[in-house]
Amino acid sequence: MKPDIDILTEIGGAKILEFVTLTSANKSTGATRHIIGEQEQKEFYGLAICQYEEEDGFYLFYCDSDWKELNDTWHEDLESAKDQASFEFTGLEVKWKKK
């Protein structure tokens, strides 16, 4: 059974602040590439903006369908994380859900 993002409170030990499940309406802009090892990651199930306790910055987590972190980017503030997500995917402006 897949974890329910509405019930989850953390990803990788970081508190979930906001999240969005990607749909067919959220196309990649092709503006960035995510690579682990030599493998490019092209598909993500959802995005989550998270913060580790006692850290000032915010992480934009790129997640699989189990809401496990596949990749991330670090940002100074929440809005910068959202801006990065919108830079990479279309149609996210009104889709973020707060925890």
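Above this note sits the structure.
Residues numbered from 1 in each chain as written. Predicted model: local features only at pLDDT ≥ 70, side-chain atom pairs only at ≥ 80, totals over all residues. Heavy atoms only, no water.

Undergrad: Tell me about the packing of aromatic side chains, residues and numbers included.
TA: Scanning the model with the defined rule gives six aromatic pairs in all. Taking 5.7 Å as the distance between ring centres and 80° as the angle between the ring planes, the aromatic pair formed by Tyr-45 and Trp-67 counts as edge-to-face. With Tyr-45 in the loop between β4 (39-41) and β5 (46-51) and Trp-67 in the loop between β6 (58-63) and β7 (69-75), the pair connects residues that are 22 residues apart, well separated along the chain. With a relative accessible area of 4%, Trp-67 lands in the buried category. Aromatic pair Tyr-52 and Tyr-59: ring centres 5.3 Å apart, planes at 85°, arrangement edge-to-face. Among the aromatic residues, ring-to-ring pairing joins Phe-19, Tyr-45 and Trp-67 into one connected group. (Phe/Tyr/Trp six-rings, centres within 6.5 Å; stacked < 30°, edge-to-face > 60°. Helix = DSSP H or I, 4+ residues; strand = E, 2+ residues; numbered from the N terminus. Buried < 20%, exposed > 50% of the residue type's maximum accessible area, 1.4 Å probe, protein only.)

Undergrad: Which residues make up helix α1 (residues 78-88), and what values do they have?
TA: Here α1 has its buried residues at Ala-81, Lys-82, Ala-85 and Glu-88. The buried residues of α1 occupy an angular sector of 125° when projected down its axis, which confines them to one face. Considering only its buried residues, α1 is in contact with β2 (14-21), β3 (34-36), β5, β6 and β7. Two or three places before Glu-79, at the start of α1, stands the capping residue Asp-77, its side-chain oxygen 3.3 Å from that residue's backbone nitrogen. (Arc of directions from axis to C-beta. Contact = heavy atoms within 4.5 Å. Polar contact = N/O pair within 3.5 Å; in protein donor to acceptor, adjacent residues only side chain to side chain.)

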